Amino acid sequence: MSAATFTPMTPPFAPGAYGPDAQIMKDIDGLNWRLADYLKRGGYDGLKKILAENVPPEKIIAEMKTSALRGRGGAGFPAGLKWSFMPKGYTGQKYLVCNSDEGEPGTFKDRDILRYNPHSVIEGMAIAAYAMGITVGYNYIHGEIWDTYERFEEALDEARAAGYLGDRIQGSDFSFQLHAFHGYGAYICGEETALLESMEGKKGQPRFKPPFPASFGLYGKPTTINNTETFAAVPWIINHGGEAYLRLGKPNNGGTKIFSVSGDVERPGNYEVNMGTPFAKLLEMAGGMRGGRKLKGCIPGGSSMPVVPGDIMMECDMDYDSIAKAGSMLGSGAVIIMDDTRCMVKSLLRLAYFYYEESCGQCTPCREGTGWLYRVINRIEHGEGRNEDLDLLNSLADNIQGRTICALGDAAAMPVRAFIKHYRDEFQHHIDHKRCLVPVYV
Amino acid sequence: MNSMSEPLADRVAVEFKLDGRTVTGYADETLIETADRLGVEIPRLCHMPGLRPDGNCRACVVEIKGERVLAPSCCRNPQPGMEVQSASERARASQKMVLELLLSDMPETHYTRNSELDRWAAALEVGKPRFAATALRREQPAPDLSHHAIAVNLDACIQCTRCLRACREEQVNDVIGYAFRGEHSKIVFDFDDPMGQSTCVACGECVQACPTGALMPARDAALAVPDKTVDSVCPYCGVGCQLTYNIKDNEILYVQGRDGPSNHGRLCVKGRYGFDYVHHKHRLTKPLIRRAGIPKTAGFTIDPDHVHELFREATWEEALDLAAGGLRKIRDTAGPKALAGFGSAKGSNEEAYLFQKLVRTGFRSNNVDHCTRLCHASSVAALLEGIGSGAVSNQVNDVAHSEVIVVIGSNPVVNHPVAATWIKNAVKKGASLVLIDPRRSELARHATHYLQFKADTDVALLNAMMHTIVHEGLVNEDFIASRTIGYEELKKNVDGYSPEAMAPVCGIPAATIRTVARLYATSKASIILWGMGISQHVHGTDNARCLIALAMMTGQVGRPGTGLHPLRGQNNVQGASDSGLIPMMYPDYKRVDNAEAQARFEKLWGTKLDPQPGLTVVEVMNAAIAGKVRGMYVMGENPALSDPDLNHAREALASLDWLVVQDIFLTETAYLADVVLPASAFPEKTGSFTNTDRMVQLGRRALDMPGDARQDLWIIQEMARRLGLDWKYAGADSGVAEVFDEMRHAMASIGGHHLGAAGAGKFGDLSLRTRRRSRPAGRVHRSLPDADRAREVRPRRHHPRQRTAGRRLSDGADHRAATGTLAYRRDDAAVQRARRDRTRARGLAASARPGADGRRARRGDHGRVAPGPHHAVCPCRRRHAGRRGVHPVLLLRSGGEPADQSGARSLRQDSGVQVLRGAHHRRRRTGRGDEFRWGAVARGRLIPPAKTPGKT
Ligand SMILES: Cc1cc2nc3c(=O)[nH]c(=O)nc-3n(C[C@H](O)[C@H](O)[C@H](O)COP(=O)(O)O)c2cc1C
Ligand code: SF4
Ligand code: SF4
Ligand code: SF4
Ligand code: FES
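The structure presented is a predicted model; accordingly, all values stated were derived computationally and were not measured.

Participant: For this particular structure, what's the right way to read the overall build of chain A?
Facilitator: Along its length, chain A carries 17 helices and eleven strands. If you line up chain A on its principal axes, its C-alpha atoms span 75 × 45 × 40 Å. Residues counted as buried form 63% of the 442 residues belonging to chain A. Within chain A, contacts between residues at least 6 apart in sequence are counted, and of these 70% link residues at least 24 apart. About 16,500 Å² of surface is accessible on chain A, with carbon and sulfur atoms providing 53% of the total.

Participant: Looking at this structure, I do not really get the sheet that holds strand β8 (residues 295-299) of chain A. What am I missing?
Facilitator: One key point about sheets: their strands pair by backbone hydrogen bonds, in either a parallel or an antiparallel sense. Residue and element names in this part refer to chain A. Spatially, five strands are ordered β6-β5-β11-β8-β9 in an open sheet, and the strand pairing comes out mixed. A strand with exactly one partner marks an edge of an open sheet, and here the two such strands are β6 (269-274) and β9 (308-309). Bridge count for strand β5 (residues 256-263) against strand β11 (residues 334-339) is four bridges, and the pairing is parallel. Across the sheet, the residue bridging to serine 260 is alanine 334, located in β11.

Participant: Would you mind showing me how to read the site of ligand 3 here?
Facilitator: In the vicinity of ligand 3, the residues found are Ile150(B), Cys167(B), Asn173(B), Val175(B), Ile176(B), Met195(B), Cys200(B), Val201(B), Ala202(B), Cys203(B), Gly204(B) and Cys206(B). Tallied by class, residues from the shell around ligand 3 come to ten nonpolar, two polar and no charged.

Participant: Got a minute to help me understand unusual backbone geometry in this structure?
Facilitator: Cis geometry marks the peptide bond from Pro11(A) to Pro12(A); its omega dihedral reads -5°. Among the structural elements, Pro12(A) can be located in the segment before α1 (35-40). With an omega dihedral of 5°, the bond running from Pro210(A) to Pro211(A) counts as a cis peptide bond. Structurally, Pro211(A) can be placed in the loop between α8 (192-199) and β4 (223-227). Here Asp190(B), not a glycine, exhibits a phi torsion of approximately 50°, which is positive. For Asp190(B), the position within the fold is in the loop between β8 (186-189) and α6 (205-209). Here Arg219(B), not a glycine, exhibits a phi torsion of approximately 55°, which is positive. Mapping Arg219(B) onto the fold places it in the loop between β9 (215-217) and β10 (228-233). Given a relative accessible area of 48%, Arg219(B) falls into the partly exposed group.

Participant: Is there a simple way to think about a nonpolar patch on the surface in this case?
Facilitator: Residue and element names in this part refer to chain A. Taken together, the side chains of Phe77, Leu81 and Phe85 present a nonpolar region at the surface, about 250 Å² in accessible area. By the element assignment, leucine 81 lies in helix α4 (residues 79-84). The class for leucine 81 is partly exposed, based on a relative accessible area of 33%.

Participant: Hey, could you run me through the interface of chain B and chain A in this one?
Facilitator: Think of interface size as the accessible area that goes away when the parts come together; that is how it is often given. Between chain B and chain A, the contact holds 34 residues from the first and 31 residues from the second. Of the roughly 2,800 Å² buried where chain B meets chain A, counting both sides, 54% is carbon and sulfur surface. Summed over the shared surface of chain B and chain A, the result is two salt bridges. Across the pair Glu183(B) and Arg375(A) runs a salt bridge whose closest N-O atoms are separated by 3.0 Å. Linking chain B with chain A are 16 residue pairs in polar contact (both at pLDDT 80 or more), by the criterion used here. Elements with a minimum of two residues in the side of chain B that touches chain A: α3 (89-104) and β7 (176-179) of chain B. With eight residues, α3(B) is the largest single contributor of residues to the side of chain B that touches chain A. Of the residues contributing to the side of chain B that touches chain A, the split by class is 17 nonpolar, eight polar and nine charged.

Parameters at a glance
Residues numbered from 1 in each chain as written. Chains lettered and ligands numbered in written order. Predicted model: local features only at pLDDT ≥ 70, side-chain atom pairs only at ≥ 80, totals over all residues. Heavy atoms only, no water. Helix = DSSP H or I, 4+ residues; strand = E, 2+ residues; numbered from the N terminus. Buried < 20%, exposed > 50% of the residue type's maximum accessible area, 1.4 Å probe, protein only. Contact = heavy atoms within 4.5 Å. Areas by Shrake-Rupley, 256 points an atom, 1.4 Å probe, with all protein chains shown as cover. Pairing = 2+ DSSP bridges. Near = heavy atom within 4 Å. Nonpolar A, V, L, I, M, F, W, Y, C, P; charged D, E, K, R; others polar. Patch = residues over 30% accessible without salt bridge, like charges linked within 9 Å, V, L, I, M, F, W, Y side chains within 5 Å. Salt bridge = Lys/Arg side-chain N within 4 Å of Asp/Glu carboxyl O. Buried area = accessible area lost by both parts, 1.4 Å probe. Polar contact = N/O pair within 3.5 Å; in protein donor to acceptor, adjacent residues only side chain to side chain.

Nothing here speaks to function; it is geometry throughout.
Right, dumping it as structure tokens:
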């Protein structure tokens, strides 16, 4: 693989490193993450404004709805709508949780937000807490990025010291305690209810839903969970209004989105673009296909989303609805680029192995099914495939998807179906000839 | 469990479509439950009635019109208009895929005959799994055979977590966990310890829950095909769990829990695995006669292997003639009062009844008693005095409706394990548990407040609680005004017992006492359960009085989840007393010195009866030493091991001229016998038993007796014949049905029961077959009932005699319920004796008072009202057709206990229930031998059961 030629960006970055559309990552150079820098960029203005003006919470939620900000964690659920599910007039404890357990292969945007612009998340969470009448929040940070966790802790200290967190924020009646919490690297703990279990000190195993976290969340209390990027987008919306945010993107697909572009491109990395930006443009920002090779396929939304053949992808815009039309999903915004040197059987094997390893083991179709998916693909890859194997894989995937407690089952099944659908001949070749169709280049 | 705790609101019917036909479900049931009711078969593996639905196996998915994904029918409730397809192509494909995936990893070996996985796979015609490539199979854990009763073969595990839920959520033993991830997921015990070394208490609930045989009775006991299964009850404690024996070649292979009102399928280690005593090699199989010249001495050690040096074997004819002849001689020479008989709280109602009848009509005295005298007598005395009934106010599992549960002086986790599960379940659902006990028991782990007070300072502590309630204005004024008398005196009395003053006495901080008192008084429903820790004191009656006063002053009685429950120890404590194994009472607590009662029983039994109350257990022993009692007949009791002063008891028994012992083992008492009659163990006979909840249930014969052993009922009748009695009880199982039939005529309390057609040899399920007329089941709990108010209480229609409901207590002693004084137990024998005399005198005085006679003391006499709201539907949460939803069993509560059982003393008890507080060594008797000591179970370890040789 040519990955060896890639050198990661090291701060300070050139201006506009995240692209000209960047809002969350605007003017981020990798060193200016501290509170003072954030304030210079107009940070905490949104929070100060709503506290000074005593903006009614409903108004903030309405603004969020207008913005059409959709959850950036994968499912794309409208954030404003989710916030409105929190019981009103509830007198007990409510919780706010930020999901920074970024573990989906190909996704690395939340890490950048946390280490280069942590105060945007803190401010976003404080505003969310205000809007939903929540007094305690946690940020659940993935258990493999320790330095990021520590930096976030530092940012919390700064915010507390400056009165942006804690009791009576900025002299108002609003108090909000925010804490960092780290996991231990299990992918499944990114699933919101597994995350809650994990925070409660239990085994990270998804809960059966309903009840949803808004009614039965952390410690059984009403809880709202959003992704890091979702929260990071909130200050901009408060500062500029929901309408303006919406206009950055397309109807029903408001704002900007950070895409983690990886794979066979010249400059893999995070790029923040307006929703609806053509894929071709994003590819160009990432320096285009590595060595000018041909785009064979692209997984546009993280490893759990269906793969899209290159030609279809080149015509596609980068927003929820367009990608759905192309037969995949925007998911977490991880764009995995595969050129024509990639063996699709091996690629799928790598994905299948991931889900097989990461299944929590709770429900039969996923626990047993991911194992058999992996093992059957493995035997195809190793020239031991049987003629009936492709149908077997398909029927297995069919009977996993939509039959499990959480969406990890879907995540494991969807790639299988899409890979076989679009690259069946490659799989068949493996079975028939016991070797790869794609010549090995590197 | 679920069915127990849901509110009783009327169920909302929901019309929806299931597989094309319009059906009616309920909003609070799941689709799979509706389907089950209607006979529509949906495969399922992780679903099990009684366990929380977990929805993990996905074998039960169904297609719902308009929904993108399939839904697990075990977790979905029907909605109006919903269209559900349980066998559509899509649903079936998914169901089959689940089964196929699971089958792929199944081992070749079969650990059970009833794998639910195999059954569903066959039903859905899932052939050989396509994934069964052995090379690709996942690694499976090695067998774990470290447990004595349970074999763990996790290669057959399908990760359904039924065992986990049974262990954690049903039994709340918290042993089983689900560890690791993905395909390495594994059922573990504690920290992945071998099961035998884990904290498992061997309740076996996980085994009962396992669908694939991954958890099974050890040594393949359940692989053999039973010849028959017999539905019965557990012979151990007062909870009275229903169970099923699986029998092969006249041996119990294994036991399963059955859905009874008190256990709903649950069992504990005793009921499930404690049956091998029946097959023990030391069982008596031949009548034994003491060899001439072998002396009887109090000092002896039992040596079961050298029995023949003391006794010789004899025929039944010879042994019975000799046994009865010896007794007859004493009766005819020294007079009826020179004989006494001890029955047993472990025998059936019929045995108890017939035994007391034999003593009363054959010995012609009332010298008949049994071990209950030593356990809850003090509780009963206080209850009779305080509320007019010595029995429990409601069944244990009513705790599901309690907000606060107080457990004092009781260790139910060990002594009433299944009762404890209901308590733990309630706590898990949010009830507060207040555990008050000097000895920390397992329940403390679940307690909201654990008060480890100084031993023997109950009265100080409870008075301090009452002080708080009075002084903080937490009393229930209405209840006190309308239902009690004597409150002012109580109020005055507790004045001196502020929590601050009592804290140094009882060792509990005043603030804690106050907190707990407030909690109890102000909750919507508080219940108190207690055991021997309250009753077995020199001032046990005072302890119980305090508890009653607490309930009365706060009105925590008479509603769902409130009340008073003295947990009964042995399996038939209640029934043996009901049936008249009491020296001063005929069956149903009719006093022997009551002319009317006497006349009635004389007529019934066709003979003259002694109007004088007989001697109690302890008095008999004293009388034997004094030479007044010369001969005894002991059935199923072992006073030489279980009486308070062993040397004294053994000397007494050894000094007898003639002792006949009827038992299944050569007990310490039998060692001193002249004739030993080999009797039947619990599963070898049929009879009815009354549990702590006062439900009458049927134990059925499951086994033949070993050797020449005979059923107790037969032996009693043969003895009776030789004492000159002309009895005729024909029919199967020694005429048990006819005995019961006679009891029905003698005892109004069971008048409506039928024990199956007499002689037919087939017995219906007693607790479910009652034909008792509907009788108000709600009860007014009155502390010191006010006579004026009592008149307002509705009379019971069928019992006009009881119109004057409510007992009036008129002298100073009555207010003792409220005025429990600080009393410290002394070991000084003289003090004890003085106390005993005083208590006894009080008891007699009470019984002599008008309105306090035996008739009044009977159940129901304190007045009843129409069914309270909580009994409008049965607490067992089942619907019972044609009975306005009232559980037939509830109508069956049998009689209260005698008014003058007030000889409350610090005594060790013979029941294996719980021993004197402080001493706390348990001695569990199973059956009637002392072979089995389950005490070790309390520490979470099972002593290896004596392996029965040749068991398959
Ligand atoms: C297997 C699995 C893993 C997930 N991992 C993440 C994750 O790492 N980060 C995340 O934000 N959401 C993740 N999600 C989605 C969350 O469950 C949840 O939808 C999200 O946190 C909601 O936030 P949002 O509405 O802001 O997107 C995952 C979901 C599944 C099923
Ligand atoms: S789908 Fe997989 S990860 Fe999700 S609950 Fe089921 S077994 Fe666990
Ligand atoms: S037998 Fe042991 S492991 Fe099984 S349910 Fe009972 S306590 Fe738990
Ligand atoms: S041991 Fe039995 S009950 Fe427990 S998870 Fe495995 S199959 Fe289910
Ligand atoms: S029975 Fe419904 S998911 Fe297992």
